[in-house]
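Examination of the molecular architecture
What follows is the residue order along each chain.
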Amino acid sequence: MKGTIYKSTGSWYSVKGEDHAFYKARLKGKFKMEGITSTNPIAVGDQVAFDMEDELENRVMINDLFPRRNYVNRISPANRRMHHIIASNLDQSLLVATLKDPRTSVGFIDRFLVTCEAFHIPAIVLFNKADIYGAKEMELFENRKAMYEAVGYKVLLTSVRTKQGIDLLRDVLHDKMSLISGHSGVGKSSLINEILENENIRTSEVSDWSGKGMHTTTFAEMYDLPKGGRLIDTPGMREFAIADISKQELSHYFPEMRAVMNDCQFNDCMHINEPGCAVKKAVFNSSIHEERYVSYLSILDSIQERQW
Ligand SMILES: Nc1nc2c(ncn2[C@@H]2O[C@H](COP(=O)(O)OP(=O)(O)OP(=O)(O)O)[C@@H](O)[C@H]2O)c(=O)[nH]1
Ligand SMILES: [Mg+2]
Ligand SMILES: [Zn+2]
């Protein structure tokens, strides 16, 4: 049977078959690995083929992986030589950020956006916990919103507490396969719970509620939206280490730089100190936001060129 991976713990998988039933799956021993650079051969969102192993217990064996339409990966926090595939076959990617408790940095958001650009996955930036923002945070929000909208990203403001922005979020997620990422504690699982309208949450998740909120998510897991579409909840990440991007190509993944870099004097301009650099000129006249340029320099600095 054919199916879609809904959850992966590394040792077993939850797969939803074409018959809409969930199966507990293992990987066939000699499963072809797509190279040795990925820590996980199968990720949430993958389309797979499987054989029944134990009909009574709904256990199956995955024997094939269908080609991925796309995927998002990052450098594995456990082993910096390896990549970790976060999810595959996505329509869009939602970054959940907060401006208080905790504050998400522009640098973190930009690393995520660069990765989405590199994988050609439309990205949305959502600021959650609006209910605890004071005047200072609201001013910061307006600045961030203007900055990201100018680059072409959709920006949302939500609160799970007051339900602010939830209807709009529901519209944005409708009928799409969306990856939900962000630091731990920003409210990813809370937002998903809200959007699922408590119809679709499996009982194990309900018992996860403590007085203070949900327990921290440990594995990526996909959920079906009641009116169509799917969400992938992911564990919070502390840092987002970008995989597979060279210093030379980095500026292509800043849409506002991509738009002007043809006017740089040198073809191989890295937009640092070169004469006649159109990107630096745009930063000076504020048509490129300085904070985005600072992110660019910082990411550039962090890219280790591979020495084979
Ligand atoms: N004030 C306020 N608190 C919120 C909001 N959304 C979530 N929280 C709280 O923030 C805490 C973390 O929420 P989670 O949904 O578990 O966060 P998460 O992003 O899934 O965290 P990880 O699973 O660790 O990555 C909980 O105590 C929630 O109740 C919000 O809109 N406003
Ligand atoms: Mg969570
Ligand atoms: Zn330049």
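Computed from a prediction, not measured in an experiment: that's the story for all the values here.

A word on the pairing of strand E11 (residues 177-181)
Of all five residues making up E11, five are buried, and the element is well covered by its neighbours. Side chains Met177, Leu179 and Ser181 project from E11 onto one buried face, and the interleaved Ser178 and Ile180 project onto a second face that is buried too. Bridge count for strand E8 (residues 92-98) against E11 is four bridges, and the pairing is parallel. Within E11, the position partnered with Gln92 by the bridge is Ser178.

Regarding the packing of helix H1 (residues 106-118) against helix H8 (residues 290-302)
Direction vectors running N to C along H1 and H8 enclose 70°, while the axes themselves pass 9 Å from each other. Classed by the angle they form, the pair H1 and H8 counts as roughly perpendicular. For the pair H1 and H8, the contacting residues are Val106, Gly107, Asp110, Arg111 and Val114 in the first and Glu291, Arg292, Ser295, Ser298 and Ile299 in the second. A class-by-class count of the residues in the contact of H1 with H8 yields three nonpolar, three polar and four charged.

A short note on the confidence of the model for the chain
Taken residue by residue, the chain gives an average pLDDT of 89. The fraction at 70 or more is 90%. With pLDDT under 50 throughout, residues 200-213 is counted as low confidence; its partners more than four residues away or in other chains account for 11 contacts.

As for H1
The end-to-end C-alpha distance of H1, which contains 13 residues, comes to 18 Å, matching closely the 18 Å that a straight helix rising 1.5 Å per residue would cover. Within H1, burial applies to Ile109, Asp110, Arg111, Phe112, Leu113, Val114, Thr115 and Cys116. Packing partners of the buried residues in H1 comprise strand E6 (71-75), E8, strand E9 (123-128), E11 and H8. His120 sits one or two residues past H1 and shows a positive phi near 55°.

Reading the values: the criteria
- Residues numbered from 1 in each chain as written.
- Chains lettered and ligands numbered in written order.
- Predicted model: local features only at pLDDT ≥ 70, side-chain atom pairs only at ≥ 80, totals over all residues.
- Buried ≥ 20, exposed ≤ 12 C-beta atoms within 10 Å, placed from the backbone.
- Helix = DSSP H or I, 4+ residues; strand = E, 2+ residues; numbered from the N terminus.
- Pairing = 2+ DSSP bridges.
- Axes fitted to C-alpha atoms, helices over the stretch in contact; angles between N-to-C directions.
- Parallel < 35°, antiparallel > 145°, perpendicular 65-115°, else oblique.
- Contact = placed C-beta atoms within 7 Å.
- Nonpolar A, V, L, I, M, F, W, Y, C, P; charged D, E, K, R; others polar.
- pLDDT = per-residue confidence, 0-100.
- Expected span 1.5 Å × (residues − 1).

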